[in-house]
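Descriptive structure summary
What follows is each chain in one-letter form.
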Amino acid sequence: MKGLLLAIVLPVLQVHEVPREYVDFVCAVRQLECGAVPAPKLRFDTLPYGALGMFRFTDPDTVWLHLGLRDPVYAQAILAHEVSHYVDYRLGRPMDRCTTEAAAFRVYHAWLATHGGLADYARYDWFTTYGCYR
Ligand SMILES: [Zn+2]
């Protein structure tokens, strides 16, 4: 029983480093210069509000992924999305909801398109979910 509990709790406690590739990908897609931006930390947890990934101002050096994501390409695309928010924060770029989400979903779709996941996971309606109409 104790072993089972540890098996469930340990992944939540572990802190990982996001591979540099994600920061570089975000900055290439968005045409940003961010060689001085360090890679963020990555943690896994069950997230509130049905979120699958999260960036929090209260802990801006960490991005979060939902513990239950099973498809690696989907999880990677969500991670790239969250790293885009992190890069906005680190570079002091606009963090209003619609501006930062538009950029993050551009990165998300670019990741899917280059890793074979667009047909399954595209979110072409993201702006209706977030209330970001033009
Ligand atoms: Zn987002």
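Now for a look at the structure at hand. (Residues numbered from 1 in each chain as written. Predicted model: local features only at pLDDT ≥ 70, side-chain atom pairs only at ≥ 80, totals over all residues.)

1. Remarks on the nonpolar core
Short version of the rule: By our criterion, buried Ala, Val, Leu, Ile, Met, Phe, Trp, Tyr and Cys residues that link up through C-beta atoms within 7 Å make up a nonpolar core. Residue burial here comes from a neighbour count, namely the number of other C-beta atoms, placed from the backbone, that lie within 10 Å of the residue's own C-beta, with 20 or more meaning buried, 12 or fewer meaning exposed, and in between meaning partly exposed. Two residues qualify as a contact pair if the distance between their C-beta atoms, derived from the backbone, is within 7 Å.
In this structure, Tyr 22, Val 26, Val 63, Leu 79, Ala 80, Val 83 and Tyr 108 are the most contacted members of the largest nonpolar core, which totals 24 residues. Apart from the residues lying within four places of it in its own chain, the contact partners of Val 83 are Val 18, Tyr 22, Val 23, Val 26, Pro 40 and Val 63.

2. Quick notes on the sheet that holds strand 1 (residues 16-17)
Selection criterion: When DSSP finds at least two bridges between two strands, those strands are taken to pair. Numbering of helices and strands runs from the N terminus; a helix is a DSSP stretch of H or I covering at least four residues, while a strand is a stretch of E covering at least two. Every axis in this analysis is a line fitted to C-alpha atoms, fitted for helices over the stretch in contact. Angles between the N-to-C directions lie between 0 and 180 degrees.
What the 4 strands build is an open sheet, ordered 1-2-4-3; its pairing is mixed. Whereas interior strands pair on both sides, the edge strands pair on one side only; in this sheet they are strand 1 and strand 3 (53-55). In the sheet, strand 3 pairs with strand 4 (residues 62-66) via 3 bridges, with the strands oriented antiparallel. Residue pairing for strand 4: Met 54 is matched across the bridge by Trp 64. Here helix 3 (residues 72-90) sits on the sheet in contact with strand 3 and strand 4, set at roughly 10 degrees to strand 3.

3. Section: unusual backbone geometry
Although it is not a glycine, Gln 31 sits at a positive phi angle of roughly 55 degrees. Classification of Gln 31 as exposed rests on a count of 6 C-beta atoms within 10 Å.

4. Observations concerning the packing of helix 2 (residues 20-30) against helix 3
Packed helix pairs are specified by the crossing angle of their axes together with the interaxial distance, meaning the distance between the axes. Here is the rule we go by: Geometric relationships in this document are graded by angle, where less than 35 degrees denotes roughly parallel, more than 145 denotes roughly antiparallel, 65 to 115 denotes roughly perpendicular, and other angles denote oblique.
Their axes nearest at 9 Å, the elements helix 2 and helix 3 cross at an angle of 70 degrees. What the angle tells us is that helix 2 and helix 3 run roughly perpendicular. Two secondary-structure elements touch here, helix 2 through Tyr 22, Val 23, Phe 25, Val 26 and Cys 27 and helix 3 through Leu 79, Ala 80, Val 83, Ser 84 and Val 87.

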